[in-house]
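Letter by letter, the chains look like this.
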Amino acid sequence: MSAILDILLVGAGPANLSVLSYLDEAGILTSGDNIRLVEKRENASWHPGLALPTSTLQVSLLKDLAFLRNPASPYTFFNYLKEQKLLYQFMHLNTYYPSRNLFSDYLGWVASKLQDFISYNSEVYNLKRISSPQGKDILEVTLRNSAGETEVLKTRQLVLSQGHKPFIPEVLLTENQHVIHSSQLLNKVATQELSAEN
């Protein structure tokens with residue numbers, strides 16, 4: 001891509017999906033050439049290691065990607081429920097705290113509506129500031145995909161929302177791996193690296 005992006009968003013979590021959905025509603029997303037979101041994972045799943053069957057959001061669903069800025073937005077959680085034919089079922093649950101799995105599915109639904117502007121398996125590998133003759137610096141961003149191939153983009157603005165890095169205090173790190181971060185829980189159980197017997 002030789003053109004300079006107006007905005008490059010890094011990370012397909014709630015913050016950047018909210019930005020991208022707002023830009024769409026504002027009529028700014030007219031071409032995939034000027035705005036792009038990159039995500040290092042293969043999809044927009046949200047905290048997949050924490051999506052236990054009974055876990056729920058800790059904040060109200062009214063704090064979705066769009067409701068507070070525009071209750072009539074096509075990107076609200078309520079519109080997702082309506083399109084998925086889940087609205088009446090959810091209404092009878094009598095809660096404002098949906099399951100983490102349902103909210104993650106909602107984020108994937110929003111991402112699918114904006115898929116022309118999202119590149120998955122694209123991790124930011126390097127950033128470099130480039131002086132512009134017009135006096136406004138631009139950023140050169142090197143991306144690397146899962147195959148190790150690189151792509152260089154130039155952007156005027158960069159929005160970072162890459163989430164939290166799991167942290168385990170050094171004193172708890174051991175070779176026998178009895179301590180894990182909660183973000184790894186379901187993956188460790190699925191691969192049988194963690195069980196009640198361990």
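Provided above is the structure to which this section pertains.
The structure displayed is predicted, hence computed values, not measured ones.

### Description of unusual backbone geometry
- The phi dihedral of K85 falls on the positive side, at around 60°, and the residue is not glycine.
- Examined against the element boundaries, K85 turns out to sit in the loop between α2 (77–83) and α3 (87–91).

### A short note on the sheet that holds strand β1 (residues 4–10)
- A sheet is described by the order of its strands in space; here six strands give the open sequence β3-β2-β1-β6-β5-β4, paired in mixed fashion. Edge strands, defined here as strands with exactly one partner in the open sheet, are β3 (118–119) and β4 (123–130).
- Pairing geometry for β1 and strand β2 (residues 35–38), over four bridges, is parallel. Among the inter-strand pairings, L9 is bridged to a residue of β2, identified as L37.

### Some details on the side chain of S119
- In this structure, S119 sits in strand β3.
- A polar side-chain atom of S119 sits 2.9 Å from a polar atom in the side chain of R36.
- Ignoring any residue separated from it by four or fewer positions in sequence, one finds S119 in contact with R36, L37, V38 and E39.

### Focus: the nonpolar core
- By size, the foremost hydrophobic cluster in this structure holds 30 residues, and its most contacted members are L20, F77 and Y106.
- If you list the elements that add at least two residues to this core, you get β1, α1 (14–25), β2, α2 and α4 (100–113).
- If one sorts the elements of this core by residue count, α4 sits on top with seven residues.
- Here Y106 is in contact with D64, L65, A66, Y75, T76, F77 and Y80, once residues within four sequence places are set aside.

Definitions and cut-offs
Residues numbered from 1 in each chain as written. Predicted model: local features only at pLDDT ≥ 70, side-chain atom pairs only at ≥ 80, totals over all residues. Heavy atoms only, no water. Helix = DSSP H or I, 4+ residues; strand = E, 2+ residues; numbered from the N terminus. Pairing = 2+ DSSP bridges. Polar contact = N/O pair within 3.5 Å; in protein donor to acceptor, adjacent residues only side chain to side chain. Contact = heavy atoms within 4.5 Å. Core = buried A, V, L, I, M, F, W, Y, C linked by side-chain atoms within 4.5 Å. Buried < 20%, exposed > 50% of the residue type's maximum accessible area, 1.4 Å probe, protein only.

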